[in-house]
Amino acid sequence: MKRLFSSILVLVFSCYLVAQAPDLDYYSQLGFSIGYGNEKFQGQIQNKGLSIGIVHGSVIYKSVFMEGSAINFGLYKGGDNKLHSVTFDGFVYDVGLGYSSENFFIGVAPLSVNLTASSNLGMAVLSKVKLMRHFVVENKFMPFVYGDSQNYGLFNNNFFVGLHYWHSDYFSLGLRYNKYLDMGNFSLMFSWNLL
């Protein structure tokens, strides 16, 4: 029994030492998410429940990047005890240019398409930083929205921040928080590396 336990322990630690996040100048992830979403009215949370993201993805190759998601929705029980749905993301697409290295990436998408609960077109800034060997921290914010005089604020309009733990070169678990004006979404993300 001792030998079996020791073998399992050595295997787990060796997997941990070998696992690492992909380099950020040649990086990809594709996956889905499940989590908790909420919707506010007049500053009070009115609706909350399960959220499901059908697909999210990211590709960085040297100085070119693409980030996107599609069909992220929430389910909640209303006051009538019936199941209702709300759409967080219908489709989000950011493509642009940036600087990348093994451990750091920052890019600008001059046309960020956001068909979301706070739909708009704007300029987005995305970044990813590899911490240690296993973790990647990511975020997105929009400093400019085209054709809309409303000031949403940097951290209130199609903003996200996340942390991914790469269990191996090919699989990661992540946490991400998305903000769409009056809606928020906390997600557990499952992603695979395709490059």
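Up top you'll find the structure we're talking about.
**Observations concerning the environment of Ala124**
Piece 1. Along the chain, the position of Ala124 falls in strand S6 (residues 120–131).
Piece 2. In the structure, Ala124 is positioned 18 residues away from Met142 in sequence and 4.4 Å away in space, judged by C-alpha atoms.

**Topic: a nonpolar patch on the surface**
Piece 1. A surface patch of nonpolar side chains, about 620 Å² in accessible area, is lined by Leu30, Phe32, Ile54, Val55, Ile71, Trp192 and Leu194.
Piece 2. Counting residues per element, the ones that place at least two in the nonpolar patch are strand S1 (26–41) and strand S2 (44–61).
Piece 3. Along the polypeptide, Trp192 turns up in strand S10 (residues 183–192).

**Points about the packing of aromatic side chains**
Piece 1. Taken as a whole, this structure holds twelve aromatic pairs when the rule is applied.
Piece 2. The interplanar angle of 25 degrees and the centroid separation of 6.2 Å between the aromatic rings of Phe32 and Trp192 together place this pair among those described as stacked. In this pair, Phe32 is assigned in strand S1 and Trp192 in strand S10, connecting sequence segments 160 residues apart.
Piece 3. Taking 6.1 Å as the distance between ring centres and 15 degrees as the angle between the ring planes, the aromatic pair formed by Phe91 and Tyr93 counts as stacked.
Piece 4. Its guanidinium or amino end placed over the ring of Phe160, Arg176 lies 3.8 Å from that ring's centre, counting from NZ or CZ.

**Quick word on the pattern of salt bridges**
Piece 1. With the rule as written, the count across this model stands at six salt bridges.
Piece 2. Arg176 serves as the salt-bridge partner of Glu67, at 3.3 Å between the closest nitrogen and oxygen. Here the residue Glu67 occupies a position in strand S3 (residues 64–77), and Arg176 occupies one in strand S9 (residues 171–180), the gap between them amounting to 109 residues. No difference in accessibility class separates Glu67 from Arg176, as the two residues are buried.

**Observations concerning the pairing of S6**
Piece 1. By the criterion of burial, S6 is predominantly enclosed, with nine of the twelve residues buried.
Piece 2. Looking at chain direction, strand S5 (residues 104–116) and S6 are connected through nine bridges and run antiparallel. Within the sheet, the bridge partner assigned to Ser112 lies in S6 and is Gly122.
Piece 3. Hairpin connection of S5 to S6: three residues between the antiparallel strands.
Piece 4. Note that S6 and strand S7 (residues 135–145) share nine bridges and pair antiparallel.

**Some words on the sheet that holds S2**
Piece 1. The ten strands lie next to each other as S1-S2-S3-S4-S5-S6-S7-S8-S9-S10, forming a closed barrel whose pairing is antiparallel. The sheet shows a mean angle of 20 degrees between the axes of neighbouring strands, direction not considered.
Piece 2. As defined by bridge partners, S7 adjoins strand S8 (residues 157–166) across six bridges and the pair is classed as antiparallel. Within S8, the position partnered with Val136 by the bridge is His164.

**Let's talk about the side chain of Ser51**
Piece 1. Within the element layout of this structure, Ser51 appears in strand S2.
Piece 2. The exposure class assigned to Ser51 is buried, which follows from its relative accessible area of 1%.
Piece 3. Polar contacts involving the side chain of Ser51 include one to the side chain of Asn185, which spans 2.7 Å.
Piece 4. Discounting chain neighbours no more than four positions away, the residues touching Ser51 are Ser33, Ile34, Gly35, Tyr36, Gly37, Asn72, Phe73, Gly74, Phe88, Asn185, Phe186 and Ser187.

**What to know about the pairing of S5**
Piece 1. By the bridge criterion, ten bridges tie strand S4 (residues 83–100) to S5 in an arrangement that is antiparallel. Pairing of Phe91 across the sheet is with Leu115, part of S5.
Piece 2. Taking the residues between adjacent antiparallel strands as the criterion, S4 and S5 are bridged by three residues.

**A closer look at the nonpolar core**
Piece 1. Within the largest apolar cluster, 13 residues are counted, with the highest numbers of intra-cluster contacts made by Tyr27, Phe65 and Val136.
Piece 2. With near-sequence residues (within four places) excluded, Phe65 lies in contact with Val59, Ile60, Asp94, Val95, Gly96, Leu97, Phe105, Gly107, Val108, Ala109 and Leu126.
Piece 3. The next biggest cluster of nonpolar side chains, apart from the first, holds five residues, and it includes Tyr76, Val86, Tyr180 and Met183.

Reading the values: rules and limits
Residues numbered from 1 in each chain as written. Predicted model: local features only at pLDDT ≥ 70, side-chain atom pairs only at ≥ 80, totals over all residues. Heavy atoms only, no water. Helix = DSSP H or I, 4+ residues; strand = E, 2+ residues; numbered from the N terminus. Patch = residues over 30% accessible without salt bridge, like charges linked within 9 Å, V, L, I, M, F, W, Y side chains within 5 Å. Areas by Shrake-Rupley, 256 points an atom, 1.4 Å probe, with all protein chains shown as cover. Salt bridge = Lys/Arg side-chain N within 4 Å of Asp/Glu carboxyl O. Phe/Tyr/Trp six-rings, centres within 6.5 Å; stacked < 30°, edge-to-face > 60°. Lys NZ or Arg CZ within 6 Å of the ring centre and 35° of its normal. Buried < 20%, exposed > 50% of the residue type's maximum accessible area, 1.4 Å probe, protein only. Pairing = 2+ DSSP bridges. Axes fitted to C-alpha atoms, helices over the stretch in contact; angles between N-to-C directions. Polar contact = N/O pair within 3.5 Å; in protein donor to acceptor, adjacent residues only side chain to side chain. Contact = heavy atoms within 4.5 Å. Core = buried A, V, L, I, M, F, W, Y, C linked by side-chain atoms within 4.5 Å.

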